[in-house]
Amino acid sequence: TADSATVQMAAEPTDPAAPQIAPRIRMERFYVPPVENKLPPCKLPPWCAIPNPADIELPVELYRLPTITPEAAAAIGAAPPPTLARLVLGKRAWVVFGRRIQESLAQGVQQADIGLATPRASRSHAIAMRNWKGQVFLMDLQSGNGTFLDAQRLNPLEIVPWKPGSRVVFADDQTEVFELHPSS
């Protein structure tokens, strides 16, 4: 799953029309659940909103692409690599990326919406935000090891556009990368 330890997402059956990363490897689609009582880790800009589907200029989804084998992850103390996944933001204006925390240790701590596999990630590493047109923006939340958009380190607390085709790395690219793609 995308991160079953910290995110309860409903899996959709494998979509035969889904883009293929490698021959015969398909990605499952996961929906990031609604916010419910969760509070954002920072003050959100006034334009951050759940887009009306009719107003979305280009529907997009996140691709989570592992860059490490299970054996290599164990050797560096990282969480097992996530599976290839298509993450759909659905009815979310914002999502937090952060280090996975064991449930037994997470009592009273707000979990990230999308857990990161690298042990170098901060608990609240970065936030992706959408506007009323469905455009996605990214902001590093003063993480210790940085957020990188197309290999450029983001300045902490600076909001930047995350355009389709762009690649994001949280802390390091040794375990996984995220890409924004048009929905299919």
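Scoring rules and cut-offs
Residues numbered from 1 in each chain as written. Predicted model: local features only at pLDDT ≥ 70, side-chain atom pairs only at ≥ 80, totals over all residues. Heavy atoms only, no water. Core = buried A, V, L, I, M, F, W, Y, C linked by side-chain atoms within 4.5 Å. Buried < 20%, exposed > 50% of the residue type's maximum accessible area, 1.4 Å probe, protein only. Helix = DSSP H or I, 4+ residues; strand = E, 2+ residues; numbered from the N terminus. Contact = heavy atoms within 4.5 Å. Salt bridge = Lys/Arg side-chain N within 4 Å of Asp/Glu carboxyl O.

Draft legend 1. How the structure looks around the nonpolar core. Counting 24 residues, the largest nonpolar core has Leu 62, Phe 97, Ile 114, Leu 138, Trp 162, Phe 170 and Phe 178 as its most contacted members. Contributions of two or more residues to this core are made by β3 (60–66), β4 (85–88), β5 (94–99), β6 (114–116), β7 (126–130), β8 (136–140), β12 (167–170) and β13 (176–182). For Trp 162, the contacting residues outside a window of four places in its chain are Leu 62, Phe 97, Ala 128, Val 136, Phe 137, Leu 138, Leu 149, Val 168, Phe 178, Glu 179 and Leu 180. Ranked by size, the runner-up nonpolar core spans ten residues in total, among them Ala 93, Trp 94, Ile 127 and Leu 141.

Draft legend 2. A look at the pattern of salt bridges. Taken as a whole and assessed by the stated rule, the structure comprises eight salt bridges. For Asp 172, the salt bridge goes to Arg 120, with nearest N and O atoms at 3.7 Å. Linking Asp 172 in the loop between β12 and β13 with Arg 120 in the loop between β6 and β7, this pair joins segments that are 52 residues apart in sequence. The partner of Glu 179 in a salt bridge is Arg 167, with the nearest N and O atoms 2.4 Å apart. Here the residue Glu 179 occupies a position in strand β13, and Arg 167 occupies one in strand β12, the gap between them amounting to twelve residues. The class of Glu 179 is buried, set by a relative accessible area of 11%. Counted as one network, the salt bridges with shared partners bring together Arg 29, Glu 61 and Arg 86.

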